[in-house]
There are 2 protein chains.
Amino acid sequence: MSATLKDIANRVGKSVTTVSRALNDFDDVSPETKAEVQRVADELGYIPNILAQRLQKQSTDTIGIILPTFGPRFSDPFFSEFLAGIGNQAAKLGYDLLVSTRPPGKIELEAYQQQVRSPRVDGFIIVRTRLQDQRITFLSRADFPFVAFGRMLDDDRYIYVDEDGEYGMKLITDHLAELGHQRIGYLDGPADLMFAYYRREGFVNGLAEQGLSADRTLFVSGDLTQKAGYKLANELLNRPDAPSAIAACNDLMALGAISAAQDLGLEVGEDVAITGFDNIPLAEHCHPPLTTVHQPIYQIGEMVCKMLIKQIRNESLEQEQIILRPSLMVRQSSTGKKVLSENS
Amino acid sequence: MSATLKDIANRVGKSVTTVSRALNDFDDVSPETKAEVQRVADELGYIPNILAQRLQKQSTDTIGIILPTFGPRFSDPFFSEFLAGIGNQAAKLGYDLLVSTRPPGKIELEAYQQQVRSPRVDGFIIVRTRLQDQRITFLSRADFPFVAFGRMLDDDRYIYVDEDGEYGMKLITDHLAELGHQRIGYLDGPADLMFAYYRREGFVNGLAEQGLSADRTLFVSGDLTQKAGYKLANELLNRPDAPSAIAACNDLMALGAISAAQDLGLEVGEDVAITGFDNIPLAEHCHPPLTTVHQPIYQIGEMVCKMLIKQIRNESLEQEQIILRPSLMVRQSSTGKKVLSENS
DNA sequence: TTGAAAGCGCTAACAT
DNA sequence: ATGTTAGCGCTTTCAA
């Protein structure tokens, strides 16, 4: 077992208190004592017992994230990158990251309640906000620190970072309209997800601004996986009145759509334009490379984490609501033209 | 703040000790007292303070995993699925999952040391073992519980689960040889990774068994990303003596290789066969679908987690070393033949 | 059947 | 500049 303050105190012949203060560099300890204490501490390889510190402080130095997952086959590039951003930032600021996974719904909410009351974490990061988000409602009421990645409908009295999904999707409609597309299919996401909502808004409004009417029969929605993208695009492209372009609300579905088009013998970028949203690493290296909207997931992870820890520490935030403007990445899946590699 | 044992004790008019024992269902507490204590506890919404329990027990009820990551653009489907497996299993068994990310090397090892000594977790799960793995050496010496996913060279006196990568890659060479390929390129992984080692062995030995000699000039190695796969395959395919098939040591690089081939105007599955290893969800839904080797990552996550917790609890394991046989998934990227969808 | 007391390792208020 | 005392919330002897 690791040495304790008491061990050091005995060796040095001082009280535990003095040792504690010496190690924490209080200025009411004589330099000699400090030096001596430090020496012995090093010698014994002292490391503070974090459990004791936490009990004393009544804080866990840990932030939590509960990933909303459905099936076991859970593999969204978005999450691993986001997690890395949060995790690295948390480590930098001296916090641990507690990760759980729960299917959205009752079980999920119970997990929040438990973790709040235990208390197992000092604050939460919420991902994939929903139109009405119980998690946010609950944490707000409980006055428990959290930062969300994403907004909610009809309530923004909480701290969040979000991308401007509406703007992002308008970049797509502008781009497609410019290429001359008139009939554009849309691969929508689950109705209760806020990001799908904004992107859909952007799509509809973007078309309108271009003087194009949105044909609702070309709207189909799926569960954000490639599989869904494949199936939905296949249906769209098999219609007699098939669209000349398909915009997907995320990259994964767009990748599925590309496969579907190719399986039908279509040349993506030429015969049909396909676009995504997210710019996951795969987007650049698939064939053809995917035109999409970039949002800096890793940086958002860092940002959200930093804001949460500030909140936990009661430091003031410059900005409690942040909305980021994403940018368009034009690639071959829409233009058919080969683009030179973006970065070495 | 949550109610404490003391609060309950005051209300009931009993000592804290009695209340503690009542709630833990000791049999030396009268039924009436138990009932009364339980009633008041419910009324106050009592939840034990986990920090105090942990200090007392000197255990954290938490297992740790430190993900080896390089750049910020970290997005490996393998990890998110593996994490989900571990996380869900841990939750089921009453454990928390502490996730960190560190670049392999000194910083990483320091993180292990710190977490061991704090003590922040009760045990570790190690991923992506290396030929000589400092992490394993350190934890073994410290006699700290851990379970690894993967083996090590020259030392198997520790608990692990691994896939039989050599066998898996032989499935690939057999398959390619059967299709008539004689010159096969190999996209290798980093030299210090154990899984890359076994898969390479399987490739070399598999070829030998087929009476084919491995042309070392067709071996190129990269960092496991699609980007690397793209670049390496591009080089291979541009040679005058280009191979007729390319086996990649993981799916991500294989996907990159597919893009490279397609960019060169080759029909994958017809003009060149390409295979992967891992069977990530994308493999089935890319174009053409990728022939690969399947290993049940999610289940392995569960398994590893269960074994670790048993070890922590000093329960006996039926098997301390487990090696799983992966299976071949034949798809269009090698055969050129369309395969009916595997599952609905 | 119950309670008093000690202790997990640390920090902090107060006194000296 | 240092020590005494108390306390974080819980569990666990040991005694009654």
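Because the structure is predicted, anything quoted here is derived from the model rather than measured. (Residues numbered from 1 in each chain as written. Chains lettered and ligands numbered in written order. Predicted model: local features only at pLDDT ≥ 70, side-chain atom pairs only at ≥ 80, totals over all residues.)

Draft legend 1. Here's a closer look at the overall build of chain A. Within chain A, the secondary structure is distributed over 14 helices and 12 strands. Taking 344 residues into account, the globule formula puts the C-alpha radius of gyration at 20 Å, and chain A, at 26 Å, lies well above it. Counting all 344 residues of chain A, 49% fall into the buried class. Put simply, 71% of the contacts in chain A that link residues at least 6 apart link residues at least 24 apart. (Helix = DSSP H or I, 4+ residues; strand = E, 2+ residues; numbered from the N terminus. Rg over C-alpha atoms; globule rule 2.2 N^0.38 Å. Buried ≥ 20, exposed ≤ 12 C-beta atoms within 10 Å, placed from the backbone. Contact = placed C-beta atoms within 7 Å.)

Draft legend 2. Up close: the protein's contact with DNA strand D. Lining the immediate surroundings of DNA strand D are 23 residues, of which Lys 14 of chain A together with Thr 4, Leu 5, Asn 49 and Ala 52 of chain B lie closest. Contributing elements (two or more residues each) for the surface near DNA strand D: α2 (16-23) and α4 (50-57) of chain A together with α2 (16-23) and α4 (50-57) of chain B. Split into classes, the residues belonging to the surface near DNA strand D amount to 7 nonpolar, 13 polar and 3 charged. (Near = placed C-beta within 6 Å. Nonpolar A, V, L, I, M, F, W, Y, C, P; charged D, E, K, R; others polar.)

Draft legend 3. Here's a closer look at the protein's contact with DNA strand C. The environment of DNA strand C is made up of 21 residues, and the closest members are Thr 4, Leu 5, Asn 49 and Ala 52 of chain A together with Thr 18 of chain B. Among the secondary structure elements, those contributing two or more residues to the surface near DNA strand C are α2 and α4 of chain A together with α2 and α4 of chain B. Sorting elements by how many residues they give to the surface near DNA strand C places α4 of chain A first, with 4 residues. In terms of residue class, the surface near DNA strand C is built from 7 nonpolar, 12 polar and 2 charged.

Draft legend 4. Main features of the sheet that holds strand β6 (residues 184-188) of chain B. Residue and element names in this part refer to chain B. Overall, parallel pairing links the 4 strands, which are arranged β7-β6-β8-β9 in an open sheet. Edge positions in the sheet fall to β7 (219-221) and β9 (273-275), since each of these pairs with one other strand and no more. Across this sheet, the average inter-strand angle for adjacent strands is 15°, counted without regard to direction. Pairing analysis gives 4 bridges linking β6 to strand β8 (residues 245-248), with the strands arranged parallel. Following the sheet pairing, Leu 187 is matched in β8 by Ala 248. With respect to the sheet, helix α11 (residues 251-263) is in contact with β6, β8 and β9, its orientation differing from that of β9 by roughly 160°. (Pairing = 2+ DSSP bridges. Axes fitted to C-alpha atoms, helices over the stretch in contact; angles between N-to-C directions.)

Draft legend 5. Spatial organisation of the sheet that holds strand β7 (residues 219-221) of chain A. Residue and element names in this part refer to chain A. Sheet architecture is open: 4 strands sit in the order β7-β6-β8-β9, paired in parallel fashion. Each edge of the sheet is formed by a strand with only one pairing partner; in this case those strands are β7 and β9 (273-275). Ignoring strand direction, the axes of neighbouring strands in this sheet form an average angle of 15°. Packed on one face of the sheet, helix α10 (residues 226-238) meets β6 (184-188), β7 and β8 (245-248) and runs near 155° to β6.

Draft legend 6. The arrangement of the relation of the copies chain A and chain B in detail. Mapping chain A onto chain B is achieved by rotating through 180° and translating by 0.2 Å along the same axis, at an RMSD of 0.3 Å. Those values place the two copies in the arrangement expected of a two-fold rotation axis. The rotation axis passes nearest to the C-alpha of Leu 98 of chain A in chain A, at a distance of 2.4 Å. Here 100% of the contact residues of chain A are again contact residues in chain B; the copies associate through an equivalent surface. (Least-squares fit on C-alpha atoms with pLDDT ≥ 70 in both.)

Draft legend 7. The domain arrangement of chain A, seen in detail. Taken domain by domain, chain A holds domain 1 (5-48), domain 2 (62-163 + 298-324) and domain 3 (165-295 + 327-335). Distance from the C-alpha centre of domain 1 of chain A to the C-alpha centre of domain 3 of chain A: 64 Å. (Domains from an automatic or database assignment.)

Draft legend 8. Region of interest: the interface of chain A and chain B. In this assembly, 47 residues from chain A lie in contact with 47 residues from chain B. Listed by contribution, the elements that provide at least two residues to the side of chain A that touches chain B are α4, α5 (77-92), β2 (96-102), α10, α11 (251-263) and α12 (281-285) of chain A. Here the side of chain A that touches chain B takes 9 residues from α5 of chain A, the largest share from any one element. Its residues placed into classes, the side of chain A that touches chain B shows 22 nonpolar, 16 polar and 9 charged.

Draft legend 9. Region of the structure containing the nonpolar core. Among the nonpolar cores identified, the biggest contains 168 residues, and Ile 125 and Ala 257 of chain A together with Ile 125, Ile 246 and Ala 257 of chain B are the most heavily contacted of them. Not counting chain neighbours up to four residues away, the residues in contact with Ala 257 of chain A comprise Leu 187, Gly 229, Tyr 230, Ala 233, Ile 246, Ala 248 and Ile 274 of chain A. (Core = buried A, V, L, I, M, F, W, Y, C linked by C-beta atoms within 7 Å.)

Draft legend 10. Region of the structure containing the pairing of β6 of chain A. In terms of residue burial, β6 of chain A counts as a mostly covered element, since 5 of its 5 residues are buried. Traced from β6 of chain A through helix α9 (residues 194-209) of chain A to β7 of chain A, the parallel crossover comes out right-handed. (Right-handed = clockwise from strand over helix to strand, strands pointing away.)

Draft legend 11. Examining the pairing of strand β5 (residues 160-163) of chain B more closely. All names here are of chain B. Burial along β5 is two-sided: the face carrying Tyr 160 and Asp 162 and the face carrying Val 161 and Glu 163 are both buried. Inspection of the sheet shows strand β4 (residues 146-149) paired to β5 by 2 bridges, in the parallel sense. Bridging from a neighbouring strand, Ala 148 pairs with Tyr 160 of β5. Of the pairings in the sheet, the one linking β5 to strand β11 (residues 321-324) comprises 4 bridges and is parallel in character. Among the inter-strand pairings, Tyr 160 is bridged to a residue of β11, identified as Gln 321.

Draft legend 12. View of the environment of Leu 193 of chain A. All names here are of chain A. Here Leu 193 shows up in the loop between β6 and α9. Its 21 C-beta neighbours within 10 Å are what place Leu 193 among the buried residues. Leu 193 has contacts with Arg 128 and Arg 130, leaving out every residue within four places of it along the chain.

Draft legend 13. A look at unusual backbone geometry. Residue and element names in this part refer to chain A. The residue after His 287, namely Pro 288, is reached through a cis peptide bond having omega -10°. Along the chain, the position of Pro 288 falls in the loop between α12 and β10 (292-294). Even without being glycine, Asp 143 reaches a positive phi, approximately 60°. Note on placement: Asp 143 falls in the loop between α7 (134-142) and β4 (146-149). Classification of Asp 143 by C-beta neighbours within 10 Å gives exposed; the count is 6. With a phi close to 60°, Asn 314 is a non-glycine residue in the positive phi region. Asn 314 sits in the exposed class, given 7 other C-beta atoms within 10 Å.

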